[in-house]
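Examination of the molecular architecture
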Amino acid sequence: MDYGIIDILQLIGALGVFLFGMKQMSEALTDLAGDRMRSILATMTSNRFRGVLTGFLITSVIQSSSATTLMVVSFANASLLSLAEALSVIMGANIGTTTTAWMITLLGFKVSMNTIALPLVGVGVIFTFLKKKSLNQWGNFIIGFGLLFVGLEFLKEHLPDIQQNPQILDFLQEYTRQGFASVLLFLLVGTILTVLIQSSSATMALTLLMTWEGWIPFDMAAAMVLGQNIGTTITANLAALVANYQAVRAARAHLLFNVLGVVLALLVFYPSLRLVDAFMLRTEGASPFFSAAAVPVALSVYHTAFN
């Protein structure tokens, strides 16, 4: 296989650009919102349904469920949120994180972002030279948004070419034919990748690209998505290591909630995939089990429905 250390480093660099863009977006929007976001989070959680909505909206905006859960843990540590309030926001954050998959699916695969991603970065840089602080922050946000898709394009370019390296596909196929054992294996892969990368959104992007390239089938990709929901809990639990018992309870509740959700999803794994398949046949006219091009949308549908 003609895929050496330089290619691996380029792939890591592409992932780094993607992660940096996401981080830049998150930090810029947090700066733009300032203390207002914190006050909103503190006042919108008295009702559990409003708490879910708050978690969903904040995560959709800052594109990071980890950032939202870290805020929840810090608020629980300061006794500003009860366990029930914290968990409602975490539930909303789980739903909000699915917007990343839709953004990548609808823009990253349906629309060529090459023509606008770099110009966006250029416009963002111009904004950062302006004197007004809010315009600087908007510039950082635009740069992050552009880099997100520049990184995605780099990932597409530097993933191993299946046509030139068919043994990669053979290697993956070997582990996709073991029935439910393969489901558990790819669930573990999704969990480990998310723990290592510290971003379920980045792992979701990799999963979407793997399905787009035809490396893994729809059911294995769905298993990876379930694993990502477990792996994403590590950030809050790491933060809770240096926090009080209230923050620890919130972090453990996040882990327990996501693990139980995955267990329930596994119990209805194949029936739920058939439902998604029926939905795709009705709306897109293509089955994700037979058309690799249909998998990104189907995976986003499954991700959203699960959460």
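Residues numbered from 1 in each chain as written. Predicted model: local features only at pLDDT ≥ 70, side-chain atom pairs only at ≥ 80, totals over all residues. Heavy atoms only, no water.

Here's the deal with helix α16 (residues 295–306)
As a reminder of what qualifies: Where helices and strands are cited, they refer to DSSP runs of H or I of at least four residues and of E of at least two residues respectively, numbered from the N terminus. Take the number of residues in a helix, subtract one, and multiply by 1.5 Å to get its expected span. Throughout this description, buried means an accessible area under 20% of the type-specific maximum (1.4 Å probe, protein chains only), exposed means over 50%, and partly exposed covers the range between.
Across its 12 residues, α16 extends 16 Å between first and last C-alpha, which sits within 8% of the 16 Å expected from 1.5 Å per residue. Across the 12 residues that make up α16, a large majority, nine, are buried. Of the residues making up α16, those classed as buried are Val295, Pro296, Val297, Ala298, Leu299, Ser300, Val301, Tyr302 and His303.

Notes on the environment of His303
Using the following cut-off: By definition in these notes, contact holds between two residues if any of their heavy atoms fall within 4.5 Å.
With respect to the secondary-structure elements, His303 resides in helix α16. The class of His303 is buried, set by a relative accessible area of 5%. Distance from His303 to Met204, taken between C-alpha atoms, is 9.6 Å for residues 99 residues apart in sequence. If near-sequence neighbours (up to four positions away) are discounted, His303 is found in contact with Thr97, Thr98, Ala101, Met204, Val225 and Asn229.

Things to note about a nonpolar patch on the surface
Filter applied, for reference: What makes a patch is a set of residues exposed beyond 30% relative accessible area and free of salt bridges, joined within 9 Å when like-charged and within 5 Å when nonpolar (Val, Leu, Ile, Met, Phe, Trp, Tyr). Per-residue accessibility takes into account occlusion by the displayed protein chains alone, with areas from the Shrake-Rupley method and a 1.4 Å probe. Here, a salt bridge means any side-chain nitrogen of Lys or Arg that lies within 4 Å of a carboxyl oxygen of Asp or Glu.
Residues Ile5, Ile6, Ile8, Leu9 and Ile12 make up a contiguous nonpolar surface patch of about 490 Å² in total accessible area. Along the chain, Ile5 turns up in helix α1 (residues 5–33). Judged by its relative accessible area of 57%, Ile5 falls in the exposed class.

Overview of empty space enclosed by the protein
If you roll a probe as big as a water molecule over the atoms, it shows you where there is empty space left. Cut-off, in case you're wondering: Cavities and pockets were defined on a 1 Å grid built from protein atoms only: a cavity is a group of points that admits a 1.4 Å probe but offers it no way out, a pocket is an open group of points flanked by protein on both sides within 12 Å along at least five of seven lines, and a lining residue is one with an atom within 4 Å of any such point. Grid points are joined across faces, edges and corners, and a volume is the space filled by probe spheres set on the points. Each residue gets one label: Ala, Val, Leu, Ile, Met, Phe, Trp, Tyr, Cys and Pro are nonpolar, Asp, Glu, Lys and Arg are charged, and the others, such as Gly, are polar.
Tallied over the entire structure, the rule returns one cavity of 30 Å³ or more. Along its surface, the largest cavity is lined by Ser65, Asn94, Thr97, Ser200, Gln228, Asn229, Thr232 and His303. For the lining of the largest cavity, the per-class residue count stands at no nonpolar, eight polar and no charged.

Here's the deal with the environment of Leu281
Mapped onto the fold, Leu281 is located in helix α15 (residues 269–283). Between the C-alpha atom of Leu281 and that of Ala294, which follows or precedes it by 13 residues, the distance is 9.5 Å. Setting aside residues up to four positions removed in sequence, Leu281 forms contacts with Ala286 and Ser287.

Purely geometric stuff here, so don't read any function into it on its own.
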